[in-house]
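Coordinate analysis (summary)
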Amino acid sequence: MIRKAILVIAIVWNCINAANVNAQQAAATVQKPIALQHGAHRIGRRTDADMEKWRAYGLGQFIHWGLYSIPAGEWNGKQYNGASEWIKSWKEVSATAYDSLMYQFNPTKFNADSWAGTAKQMGVKYVTITTKHHDGFCLWPSKYTNFTVANSPYKKDIIGPLVKAYDKQGIDVILYFSIMDWHNPDWRYDIKTREDSIAFDRFKQFTRKQLLELLTLYPTAKGLWFDGTWDKSWVKQAAFADSLEKEMKAMHPGLIIGSRFRADEYGKRHFDSNGNMMGDYEQGWERKIPEKIEDVHGNDWDCVMTVPENQWGYGRVWKGHIKTTDELLEMLAKCVSLDGNFVLNFGPKPDGTLRTEELDLAEGIGAWMATNSEAIYNGEYAGLVKQDWGYYIKKTGSNKIYMLVFNVPVSGALKVVMQSHSAIGKAYDLGNPAQNYVPEEIGTSAWFIHLRQQTFKRPFVIVLETADNSKNSGAQYQKAKT
Ligand code: 1KN
């Protein structure tokens, strides 16, 4: 009995030490790990089936819908400079006038099946939907506030039908939830007085109840996407947020929560004071994409992206550069090649329909995906040095490496440098497997794939089936003595 206990202690101790060694390696800036009550729950990736599925998604859809779609970036004929979903924070907009938009929310053309159909055709595997953005307006009939769809002329729940429609299409649903709430009088940016503290305690209970309510009403949701968690008031709630995360996960096994939800007891966000990621995936890649694999530290991650420069909710005028289908496809390829998912945002109109620009992009992406999605789903970092023509993506657990070609050199020769133990077995077009290539060996583990034609209108994919090269049957290239 005692011996068993000692054994258990020894094993636990060894595990803790092993974990600490990893933590040290992960945290380049931190020398010695410190004891944390509310730091990372785990070091390294989750390995369960729900997370494996998340990792394999490749492409996702984001939906920002709420009252802000009604003013659509304009107030009293004036254009708001910021993102349309932030218009309530503009000095020109009174809080009561904004909140009264609830009485205009009546999306008579909203059809959840139609949105889910568009998403399906586009090839997305998951969708993140705003249940409540910073303005506090709830797209579901929450029991804990009057500021919901139930009190709009539309009256009906939006989230339920969306979850059902996307579930039916086999697209996993993640619920977006803003902690910051501009409508609730108990929300604080910081806690400086006793009154603040009392109000914020009420706010925390309100938040907890809303989250448990969402998980109860929509039990098929796969995860929660938190936003509005950066203010001091919330950053100071390490213990509360940690226990709430544990409570939600206990209630909903497999639930996926990103690194934006909570801070540790020293106020560190995303990565705790030992440099370990808090949450199931890194949630900091908003409108930006890592450049190289080292930037993602072996973590799961996704990138959320807008079509115009910076606008999530519907805005009548799209500002800045508007991304094209092929630019978005390149972003998708880049994300998956670096072990991430790519999530494209849609901002539906107040009548419940999607704007034509977004429908066109969804169709264009979907048309490309219809031929090439095999290179995206279940794709991962291939471990090869990136070449100028595009991105390598390896299919998890296979001998297939996909070349996603975005830039064809004038020579028409695509350079492939493999790892020393592998060679190219077969090479062919994903869209036309009969079109195969005979790679020319040009150096140690290096080949040229000579394209037959040199002008291409759209990005395309070449499949490489790798073969064992350990016997190195190919040419022996001489190394210079230097
Ligand atoms: C620069 O500060 C912000 C604050 C909030 C930038 C973006 C956001 C919100 N996160 C995005 C996912 C949108 O919801 C945006 O309103």
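Quick notes on the rules
- Residues numbered from 1 in each chain as written.
- Predicted model: local features only at pLDDT ≥ 70, side-chain atom pairs only at ≥ 80, totals over all residues.
- Heavy atoms only, no water.
- Core = buried A, V, L, I, M, F, W, Y, C linked by side-chain atoms within 4.5 Å.
- Buried < 20%, exposed > 50% of the residue type's maximum accessible area, 1.4 Å probe, protein only.
- Contact = heavy atoms within 4.5 Å.
- Phe/Tyr/Trp six-rings, centres within 6.5 Å; stacked < 30°, edge-to-face > 60°.
- Helix = DSSP H or I, 4+ residues; strand = E, 2+ residues; numbered from the N terminus.
- Near = heavy atom within 4 Å.
- Polar contact = N/O pair within 3.5 Å; in protein donor to acceptor, adjacent residues only side chain to side chain.
- Areas by Shrake-Rupley, 256 points an atom, 1.4 Å probe, with all protein chains shown as cover.
- Nonpolar A, V, L, I, M, F, W, Y, C, P; charged D, E, K, R; others polar.

A separate point is the nonpolar core. In this structure, Tyr166, Met248, Phe342 and Leu404 are the most contacted members of the largest nonpolar core, which totals 101 residues. With residues near it in sequence (within four places) discarded, Leu404 still touches Ala333, Trp368, Ala375, Ile376, Trp389, Gly390, Tyr391, Ile393, Phe460 and Val461. In terms of nonpolar packing, the next biggest core, distinct from the first, is built from 20 residues, Met403, Leu414, Ala423 and Ile424 among them.

In this description, an aromatic ring pair is defined by two values, namely the gap between the centres and the angle between the planes. Summed over all chains, the structure comprises 28 aromatic pairs. For the ring pair Trp54 and Tyr126, a centre distance of 6.0 Å and an interplane angle of 65° mean the geometry is edge-to-face. Taken together, the positions of Trp54 in helix α2 (residues 49-56) and Tyr126 in strand β4 (residues 126-132) put the pair 72 residues apart, joining distant regions of the chain. For Tyr126, a relative accessible area of 1% corresponds to the buried category. An angle of 70° between the planes, with centres 5.0 Å apart, marks the rings of Phe62 and Trp225 as edge-to-face.

What follows concerns the site of the ligand. Around the ligand, the structure places His64, Glu85, Trp86, His133, His134, Tyr176, Trp225, Asp227, Trp230, Glu286 and Trp312. At 2.6 Å from an oxygen atom of the ligand is found a side-chain nitrogen or oxygen belonging to His64. One of the side-chain nitrogen or oxygen atoms of Glu286 is found 3.1 Å away from a nitrogen atom of the ligand. Compared with its free state, where it exposes 400 Å², the ligand has 73% of that area covered by protein. Classifying every residue of the shell around the ligand by side-chain character gives 5 nonpolar, 3 polar and 3 charged.

Of note, Lys249 is situated in helix α8 (residues 238-251). As for Lys249 and Gly223, which are separated by 26 residues in sequence, their C-alpha atoms are 9.7 Å apart. Ignoring anything within four residues of it in the chain, the contact list for Lys249 reads Arg46, Leu255, Ile257 and Asp280.

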